[in-house]
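Understanding the architecture of this molecule
Residues per chain, in single letters:
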There are 2 protein chains.
Amino acid sequence: MDVDRGTARDIEGFSAPGRVAEPGEGISMEELALAARNHGMPLEALRYELTPAGLHYVLVHYDIPAAEAADWRLTVGGRVRTPLRLDVVALRSYPSVTHRVTMECAGNGRARLTPRPVSQPWLVEAVGTAEWTGVPLRVLLEEAGVEPDAVEAVLTGADHGVERGVEQDYRRSLPLPVATGDDPEVLVAYAMNGAPLPPQHGHPVRLVVPGWYGMAHVKWLRDISLTSTPFTGFQQSVAYRYKQSADDPGEPVTHIAPRALMIPPGFPDFMTRARAVRPGRIGLEGRAWSGHAPVVRVEVSTDDGRTWHDAALAAPEGHPWAWRHWHTAWTATPGNHVLVARATDGDGRTQPVEQPWNRGGFGNNLVQRVPVLCVPEAG
Amino acid sequence: MDVDRGTARDIEGFSAPGRVAEPGEGISMEELALAARNHGMPLEALRYELTPAGLHYVLVHYDIPAAEAADWRLTVGGRVRTPLRLDVVALRSYPSVTHRVTMECAGNGRARLTPRPVSQPWLVEAVGTAEWTGVPLRVLLEEAGVEPDAVEAVLTGADHGVERGVEQDYRRSLPLPVATGDDPEVLVAYAMNGAPLPPQHGHPVRLVVPGWYGMAHVKWLRDISLTSTPFTGFQQSVAYRYKQSADDPGEPVTHIAPRALMIPPGFPDFMTRARAVRPGRIGLEGRAWSGHAPVVRVEVSTDDGRTWHDAALAAPEGHPWAWRHWHTAWTATPGNHVLVARATDGDGRTQPVEQPWNRGGFGNNLVQRVPVLCVPEAG
């Protein structure tokens with residue numbers, strides 16, 4: 001398949017090459033423009049098992065397309081025996097399945113790296129969990145009939161823009177075994193938490209790939225093409241790779257690394273977001289997830305990692321791709337404290353206390369540190 | 001009334017005084033933390049007359065409270081004859097009214113000021129329009145019976161935090177004539193676009209003050225108290241004032257200044273957000289609003305303000321507090337262009353081309369400049 005065919009071109013002086021920030025360089029206006037458009041999940045929203053509309057993280061590479069469900073067509077083609085062309089009514093006519101999925105941006109935590117890769121400047125909040133309803137991708141591919149030489153499914157969204165000089169529709173691929181697998185079961189989804197997809201989450205149709213970072217969940221999905229050679233488009237071969245330098249081909253970003261997050265206890269200062277608590281017993285809680293295997297352990301430290309104890313984990317509820325609630329208690333005493341939580345998944349993967357670095361700022365899962373100041377009630 | 005009674009105290013070294021950024025100082029991590037939590041409306045969402053859930057701008061001073069509708073009580077007290085205590089069922093039993101209201105953060109545009117006031121770093125996107133349903137505040141005050149010496153209504157939200165050393169629940173006041181007026185009609189709202197309020201928009205009850213900047217629309221509203229002296233709490237006397245220096249008492253921030261915004265045409269670069277269009281006729285459109293009087297004119301320049309022409313304004317539809325759609329056309333030729341739009345309201349107020357400065361970064365309505373690069377289609 002011709003890479004980004006028909007739209008690829010360079011626009012000189014319009015699109016800058018990737019870079020890392022200089023030592024001490026503040027967040028740029030360009031990074032701020034991305035932060036003002038896209039948004040994370042305020043961490044107090046960890047209280048909700050299903051993230052309410054508007055609190056789930058959103059990252060849009062280009063513009064949110066002006067997509068109407070009534071006009072939408074999803075095509076399935078390439079190395080298939082019978083190409084398909086489906087409207088939303090046709091998609092809804094298939095038996096539907098619903099999966100509860102925790103989704104996280106591959107760049108979560110990027111803005112805390114040193115040096116800082118210049119891109120969407122996430123701190124730690126690029127996550128959310130929703131119930132996605134749709135048709136398994138494998139059902140559509142079975143109906144179209146996969147040719148024996150097919151190796152990948154290339155997924156094309158309707159959002160159009162330029163990235164590092166390459167004009168493109170957002171496009172990613174999945175290996176055929178993932179696209180046709182049932183563990184996880186990849187969805188062509190048309191509903192989020194029981195309602196039609198909001199515009200910013202891919203209305204009317206998106207891909208959902210449980211356990212994978214957000215870049216795989218192509219929004220505004222308009223075409224699925226099976227190919228006989230691996231896809232080498234921008235979002236596959238250039239972006240979303242673990243690289244140490246600009247010319248390192250790197251390794252592809254795929255599954256979500258384990259992470260636990262805590263609801264910062266107490267109350268904040270508006271500007272610094274510093275936290276204050278009162279002395280006494282305080283419930284600590286949060287959620288933890290991994291895209292490799294369910295989380296089996298969350299440890300908490302209330303002394304900045306010197307000592308740890310196990311938090312109580314909520315029972316699995318048959319949602320292997322969703323986060324698990326955890327809780328523990330802490331007796332706060334006046335003074336400064338640093339709270340830390342760390343998840344371990346069923347594959348034995350856990351979180352680092354010092355973050356390895358990569359040039360794109362992907363796959364970070366450094367333990368969250370929550371400094372709190374314990375102060376007595378006003379007299 | 002005792003200012004911020006029962007919660008006011010200083011926490012040394014926790015909460016920094018207000019400041020403006022040094023020349024050339026990049027956006028700080030603290031400003032970024034606010035930008036990652038709160039979010040603007042991506043400008044392509046100007047295509048929607050009613051902003052869909054999750055795209056409307058949100059600013060939360062402290063944390064989103066864990067508020068449940070079933071447990072909520074709104075009290076009405078102070079200088080009234082009969083204090084009220086209402087649950088959400090009781091609020092819903094009053095005849096309801098619905099108003100379409102454009103809401104904008106008073107700090108919109110702050111991050112483009114020089115020097116930059118350090119706070120929530122909005123560029124231009126802190127706006128949204130929704131239909132809010134609830135009970136007119138004057139109906140509740142009539143039922144409670146306003147004492148003759150009452151001069152203000154003090155509105156208290158449930159969000160709790162510290163700001164510049166002052167621990168507080170978020171609290172603002174309205175002059176009694178505004179609180180009991182019917183032009184605009186202030187609402188105690190429990191629904192947004194026909195659904196219960198989302199958590200981040202004040203679930204289950206908030207104030208809506210049509211025409212005023214966002215700081216007046218107290219979210220998670222739990223108490224309304226009439227007072228016989230003007231309220232002098234933090235959000236009234238310290239924050240949200242037009243000041244030139246830290247010790248200037250300043251003037252209060254109230255109504256929204258006129259502004260027109262344009263949907264940036266064409267398609268963006270991911271990182272720079274620079275815009276590209278193809279040569280030929282291009283529709284330009286957007287929306288314009290003012291909190292003083294309906295917008296009566298939108299002018300557009302396609303040559304960075306050297307010449308202007310009038311855009312077509314959509315007919316008023318009986319929503320005097322909502323934005324008006326505007327559109328015009330432009331024939332793009334290869335090269336660089338700067339598009340500008342400027343609104344004028346029925347009171348004759350318009351938008352500056354050079355922004356006056358104030359220390360809080362409030363009430364900015366500098367004209368929006370949209371640089372675009374017109375490039376031919378790839379050959």
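Calculation notes
Residues numbered from 1 in each chain as written. Chains lettered and ligands numbered in written order. Predicted model: local features only at pLDDT ≥ 70, side-chain atom pairs only at ≥ 80, totals over all residues. Heavy atoms only, no water. Buried < 20%, exposed > 50% of the residue type's maximum accessible area, 1.4 Å probe, protein only. Helix = DSSP H or I, 4+ residues; strand = E, 2+ residues; numbered from the N terminus. Arc of directions from axis to C-beta. Domains from an automatic or database assignment. Contact = heavy atoms within 4.5 Å. Buried area = accessible area lost by both parts, 1.4 Å probe. Salt bridge = Lys/Arg side-chain N within 4 Å of Asp/Glu carboxyl O. Pairing = 2+ DSSP bridges. Least-squares fit on C-alpha atoms with pLDDT ≥ 70 in both. Axes fitted to C-alpha atoms, helices over the stretch in contact; angles between N-to-C directions. Polar contact = N/O pair within 3.5 Å; in protein donor to acceptor, adjacent residues only side chain to side chain. Nonpolar A, V, L, I, M, F, W, Y, C, P; charged D, E, K, R; others polar.

- Under the annotation held in an unreviewed UniProt entry, chain A carries the name Sulfite oxidase and is attributed to Streptomyces pratisoli.

Considerations on helix 3 (residues 137-144) of chain A
Residues and elements named next belong to chain A.
- For helix 3, the complete set of buried residues consists of Leu-137, Leu-140, Leu-141 and Ala-144. In a view along the axis of helix 3, the buried residues occupy a sector of 95 degrees, so they form one face of it.
- In the segment just after helix 3, Gly-145 is the residue with positive phi, at about 85 degrees.

Concerning the domain arrangement of chain A
Residues and elements named next belong to chain A.
- Partitioning chain A into structural domains gives domain 1 (29-252) and domain 2 (259-374).
- In this structure, domain 1 and domain 2 have C-alpha centres spaced 27 Å apart.
- With 38 residues of domain 1 in contact, the opposing surface of domain 2 contributes 23 residues.
- Across the domain 1/domain 2 interface, buried area totals approximately 2,900 Å², and carbon plus sulfur atoms make up 59% of it.
- Among the residues domain 1 hides against domain 2, the three largest losses belong to Leu-46, Arg-100 and Leu-113. Together they make up 21% of the total.
- Put simply, domain 1 and domain 2 have 2 salt bridges between them.

Observations regarding the pairing of strand 17 (residues 295-301) of chain A
All names here are of chain A.
- Judged by how many residues are buried, strand 17 sits mostly within the fold: 5 of 7 residues are covered.
- Looking at chain direction, strand 17 and strand 18 (residues 309-310) are connected through 2 bridges and run antiparallel. Paired with Val-300 across the bridge in strand 18 is His-309.

Quick word on the relation of the copies chain A and chain B
- For the pair chain A and chain B, the relating rotation is 180 degrees, the translation along its axis is 0.0 Å, and the fit reaches an RMSD of 0.0 Å. Viewed as a symmetry operation, the transformation between the two copies matches a two-fold axis.
- Most of the interface of chain A is mirrored in chain B, where 100% of its interface residues are also at the interface.

Some details on the sheet that holds strand 1 (residues 74-78) of chain A
All names here are of chain A.
- Taken in spatial order, the 5 strands of this open sheet run 2-1-10-5-6, and their pairing is mixed. For this open sheet the edge positions go to strand 2 (84-86) and strand 6 (166-175), each flanked by a neighbour on one side alone. Taking the axes of each pair of neighbouring strands and ignoring which way they run, one obtains an average angle of 25 degrees across the sheet.

A short note on the interface of chain A and chain B
- The partner chain B presents 66 residues to the 66 residues of chain A that form the contact.
- Buried area between chain A and chain B, both sides added, is near 5,900 Å², and the carbon and sulfur share of it is 64%.
- The three residues of chain A that bury the most area against chain B are Phe14(A), Phe270(A) and Met271(A), which together make up 13% of that side's buried surface.
- Linking chain A with chain B are 8 salt bridges.
- Between Arg273(A) and Asp63(B) there is a salt bridge; the shortest N-O distance is 3.1 Å.
- The interface formed by chain A and chain B contains 31 residue pairs in polar contact (both at pLDDT 80 or more).
- If you list the elements that add at least two residues to the side of chain A that touches chain B, you get helix 1 (29-37), strand 5 (152-163), strand 14 (267-268) and strand 15 (275-277) of chain A.
- A per-element tally of the side of chain A that touches chain B places helix 1 of chain A first, with 9 residues.
- For the side of chain A that touches chain B, the residue count by class is 37 nonpolar, 13 polar and 16 charged.

A word on the environment of Asn358(B)
All names here are of chain B.
- Locating Asn-358 in the fold gives a position in the loop between strand 21 (335-345) and strand 22 (368-374).
- Between the C-alpha atom of Asn-358 and that of Asp-347, which follows or precedes it by 11 residues, the distance is 23 Å.
- Discounting residues that sit within four places of it in the chain, Asn-358 has contacts with Leu-113, Pro-117, Tyr-242, Lys-243 and Gln-244.
- A polar contact is formed between the side chain of Asn-358 and the backbone nitrogen of Gly-361, at a distance of 3.0 Å.

As for the pairing of strand 5 of chain A
All names here are of chain A.
- Burial of strand 5 is extensive: 10 of the 12 residues sit out of reach of the surface.
- In this sheet, strand 6 lies alongside strand 5 in antiparallel orientation, the contact comprising 9 bridges. Paired with Glu-163 across the strands is Val-166, a residue of strand 6.
- By the bridge criterion, 6 bridges tie strand 5 to strand 10 (residues 221-227) in an arrangement that is antiparallel. Opposite Ala-153, over in strand 10, you have Leu-226 as the bridge partner.

Notes on the sheet that holds strand 15 (residues 275-277) of chain B
All names here are of chain B.
- Taken in spatial order, the 6 strands make up an open sheet running 14-15-22-21-17-18, and their pairing is mixed. Edge positions in the open sheet fall to strand 14 (267-268) and strand 18 (309-310), since each of these has one partner strand only.
- Across 2 bridges, the pairing between strand 14 and strand 15 is antiparallel. The residue bridging Phe-267 from the neighbouring strand is Ala-276, located in strand 15.

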